[in-house]
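Close look at the chain arrangement
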Amino acid sequence: MKNNRIKAVMFDKMQYSFSKYYDRMIHCYIIYEGKVDKEKLKNSFSFLLDEYPILHSHYKNRMIRSYWKIQKDIDEDYLTFLKTDDCYKEALSFLTEKPFNIKKEYQIKIQVAEEKERFSIALIINHMVLDGGDLKFLLSQFTSFYNSQETVKRGKSRSHMNIYKDMDEGFKKKALSLYKNMTSDKPYQLNLTKKSKEDRQQVSLISLEKDESMRIISYCKKNKCTVTDVFLACYGFSSLKFLKTEKKKRRFSLQSMVDLRRYVNSSSEIGISNQTGVMNISFDVDSSLEEIIRQIKVQTKIEKDNYVGLYSLPLLALDYKLFIDCIANLLIKIFFNLASFTLSNIGILDKEKLSLDGCLLKDAHIYGASRKKNKSVLSITSLDDCFTFSFPFIGNSEDKKIIDNFLEEIKKNLLSLV
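Residue positions are counted from 1 within each chain, in the order its sequence is given. Since the coordinates come from a predicted model, pLDDT governs what is reported: local features require at least 70, and pairs of side-chain atoms require 80 or more to be given and counted, while whole-chain, interface and lining totals use all residues. Excluded from the side-chain calculations are hydrogens and water; all other atoms, namely the structure's heavy atoms, are used.

A short note on the overall build of the protein
On a plain count of helices and strands, the protein comes out with twelve helices and 14 strands. Radius of gyration means the value over C-alpha atoms here, while the globule rule gives 2.2 Å times the residue count to the 0.38 power. For a compact globule of 418 residues, the expected C-alpha radius of gyration is about 22 Å, and the protein comes in at 21 Å, within 12% of that figure. Oriented by its inertia axes, the alpha-carbon framework of the protein measures out at about 60 × 55 × 45 Å. In the protein, the proportion of contacts linking residues at least 24 apart, taken out of those at least 6 apart, comes to 79%. As presented, the protein carries roughly 19,400 Å² of accessible surface, and 49% of it is formed by carbon and sulfur atoms. The protein carries 69 positive and 54 negative side-chain charges, and their two centres are separated by 7 Å. Under the DSSP-based scheme used, a helix requires at least four consecutive residues in state H or I and a strand at least two consecutive residues in state E, with every element numbered from the N terminus. The contact rule is simple, with two residues in contact once any of their heavy atoms fall within 4.5 Å. Here the open area of atoms and residues is found with the Shrake-Rupley method and a 1.4 Å probe, where only the protein chains shown may cover a residue. Residues counted as positive are Lys and Arg, residues counted as negative are Asp and Glu, and His and the chain ends are not counted. Charge placement uses NZ in Lys and CZ in Arg. For Asp and Glu, CG and CD serve respectively.

Now the structure itself:
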């Protein structure tokens, strides 16, 4: 950090280039039973902004060296309190507002909605700043401060090179030479309506009951596969009923997000940032659901690919090394294509780490950016052994019906396994 500036790193610039695909925001809501302590909440949020200056910065996209400009005087425009009859509904309404201007506003917006006996906290953060893994960390620090518990100091470096620091030299040398382009072909798209003036930010959600979720977990243990394997299979298999075109190819492709912190012994030395890679998955469209699970299990088994998620990072890094930012960003837009179908298993939301003194945690979920109609992403979290699935998108009321039915189809196929 120099002269109230934070250097924009590779993932920042890449995410900035993807505005043609999605709104670049990451979203979260938490529902508590109990009375809200406004002053403690304000102080806890202020702690986050003080501790992580990038949250109260403006992004400066420049031809040569882009950066984050830290705003010295922190105001409270990012935080809203209101009274409501339905805090859950209010949270979702807030999360589907038009994205804020990252060049002129803080990188975080928070709403606290109060009912008589419960309240919601909804957060929208620029996805360029962090990913789901670090949002979970940020939330744990917020609750720790609120509960007068010890907080954790994080490092300053946000570079993607942090993921290589604990690798042995042989593995690192190989990882740094993986110049494969992980761009995805797009023979398939969901059969949504054409772009229209009625399109807006929306999200569809569906949850499994605890016993349903536990049966899914038992199925995975019995069949020696991961829950992500099963989610990918059901997501892809269900998509086949909602495609825009007839089947053109025998293989259906989708991508799974990979938390690259798996390669780091401790993330405490890394600043809050994006450290997420992708893994390409495909299956035969004429297969049954259980056959698809078997195909995906083979592809995702870590023992068969020790470099999962690391492909294409050296190629992206080379782009920003050889060219000034404006040209590098243009090349990303031209040659790097996001998959039409992406799954992001954000994982477990730790109930203990999200708890506030004097309140009972009732619900919580994190989901990623709202994507445009030619792209789709399914986000998944688990709280108290219950899975929640969300599908953020930019569309109209007719699209909402289609997506709701799509999520019901995914749930039906999941439960058909158990």
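Let's talk about the environment of E97
Within the secondary structure layout, E97 lies in the loop between α3 (87-95) and β6 (108-114). Expressed as a C-alpha distance, the spacing of E97 and Q201, which sit 104 residues apart in the sequence, is 6.5 Å.

With respect to the sheet that holds strand β13 (residues 376-383)
On the basis of which strands lie adjacent, the open sheet formed by six strands has the order β8-β14-β13-β11-β9-β10 and mixed pairing. Among the strands making up the open sheet, the edge pair consists of β8 (200-207) and β10 (276-284). Neighbour-to-neighbour, the strand axes of this sheet turn through a mean angle of 25°, independent of strand direction. Should DSSP find at least two bridges between two strands, the strands are taken to pair. Examined bridge by bridge, strand β9 (residues 251-259) and strand β11 (residues 341-348) share two bridges and lie parallel to one another. In the strand pairing of β11, Q255 is matched with T342. To get an axis, fit a line to the C-alpha atoms, keeping to the stretch in contact for a helix; angles then go from 0 to 180 degrees between the N-to-C directions. Together, β9, β10, β11, β13 and β14 (386-395) form the strand contacts of helix α7 (residues 227-239), whose direction differs from that of β11 by roughly 150°.

A closer look at helix α9 (residues 313-322)
The set of residues buried in α9 consists of L313, P314, L316, D319 and Y320. Where the residues of α9 are buried, they touch α1 (10-17), α5 (169-175) and α10 (325-335). Residue burial is assigned from relative accessible area. The probe radius is 1.4 Å, only protein chains are included, and a residue is buried under 20% of its type maximum, exposed over 50%, and partly exposed in between.

Focus on helix α8 (residues 289-300)
Relative to the 16 Å expected for twelve residues at 1.5 Å per residue, α8 spans 16 Å between its end C-alpha atoms, a close match to the ideal helical length. Within α8, burial applies to L289, I292, I293, I296 and T300. The buried residues of α8 occupy an angular sector of 100° when the element is viewed end-on, so they sit on one face. Its buried side turned inward, α8 meets α6 (210-222), α7, β10 and α12 (397-416). Helix span, as expected, comes to 1.5 Å for every residue beyond the first. To obtain the arc, one takes the directions from the helix axis to the C-beta atoms.

Description of the nonpolar core
By nonpolar core is meant a set of buried Ala, Val, Leu, Ile, Met, Phe, Trp, Tyr and Cys residues that side-chain atoms within 4.5 Å join together. Core analysis: the largest hydrophobic core is formed by 71 residues, its most contacted members being V230, Y235, F252, L310, L313, F389 and L414. Among residues more than four places away in sequence, those in contact with L414 are L208, I216, V230, F231, C234 and F389. Residues M25, F94, I121 and L130 belong to the second largest nonpolar core, which totals 63 residues.

Topic: empty space enclosed by the protein
The pocket and cavity definitions rest on a 1 Å grid over protein atoms only: a 1.4 Å probe that fits but cannot leave marks a cavity, an open set with protein on both sides within 12 Å along at least five of seven lines marks a pocket, and residues lining either have an atom within 4 Å of a point. Grid points are joined across faces, edges and corners, and a volume is the space filled by probe spheres set on the points. With the rule as written, the count across this model stands at three cavities of 30 Å³ or more. If you add up the space inside the largest cavity, you get close to 60 Å³. In this structure, the largest cavity is lined by 13 residues; those nearest its centre are L190, L192, K373, K375 and S376. Considering only enclosed or pocket space, the second largest cavity measures out at about 40 Å³ in volume. In terms of lining, the second largest cavity is formed by D23, M25, H27, L95, E97, K98, P99, F100, I124 and Q201. By the convention adopted, Pro, Cys, Tyr, Trp, Phe, Met, Ile, Leu, Val and Ala count as nonpolar, Lys, Arg, Asp and Glu as charged, and the other residues, Gly among them, as polar. Taken together, the residues of the lining of the second largest cavity break down into five nonpolar, two polar and three charged.

Observations concerning the packing of α1 against α10
Where α1 contacts α10, the two axes come as close as 9 Å, and the packing angle between them is 55°. The pairing of α1 with α10 is recorded here as oblique in orientation. The way α1 lies across α10 gives a crossing that is right-handed. Contacts between α1 and α10 involve K13, M14, Y16 and S17 on the former and, on the latter, D325, N329, I332 and K333. Considering only residue class, the contact of α1 with α10 consists of three nonpolar, two polar and three charged. Throughout this description, any angle smaller than 35 degrees is read as roughly parallel, any larger than 145 degrees as roughly antiparallel, any in the 65 to 115 degree range as roughly perpendicular, and the remainder as oblique. Working rule for handedness: look at the near helix, and if it is turned counterclockwise from the far one by less than a right angle, call the crossing left-handed; if clockwise, right-handed.

Details of the pattern of salt bridges
Salt-bridge detection follows one rule: a side-chain nitrogen of Lys or Arg within 4 Å of a carboxyl oxygen of Asp or Glu. Under the counting rule described, the total for this entry stands at 22 salt bridges. The closest approach of N and O atoms between E115 and R118, which form a salt bridge, is 2.8 Å. The class for R118 is partly exposed, based on a relative accessible area of 28%. Put simply, R154 and D134 hold a salt bridge, and the shortest N to O gap is 3.0 Å. With R154 in the loop between α4 (132-146) and α5 and D134 in helix α4, this residue pair connects regions lying 20 residues apart in the sequence. Exposure remark for R154: the relative accessible area of 10% places this residue in the buried category. Taken together, the shared-partner salt bridges connect D131, D134, R154, D259 and R261 into one network.

Digging into the sheet that holds strand β12 (residues 360-367)
The strand order β5-β6-β7-β2-β12 describes an open sheet built from five strands, whose pairing is mixed. In the strand order of this sheet, the two ends are held by β5 (79-83) and β12, each with one partner. Each adjacent strand pair in this sheet contributes to an overall mean axis angle of 15°, direction not counted. Taken strand by strand, α3 contacts β2 (25-33), β5, β6, β7 (118-126) and β12, and its axis lies near 10° from that of β7. Its contacts with the sheet put α4 on β2, β7 and β12, and the angle it makes with β2 is roughly 35°.

Purely spatial values, then, with no claim about function.
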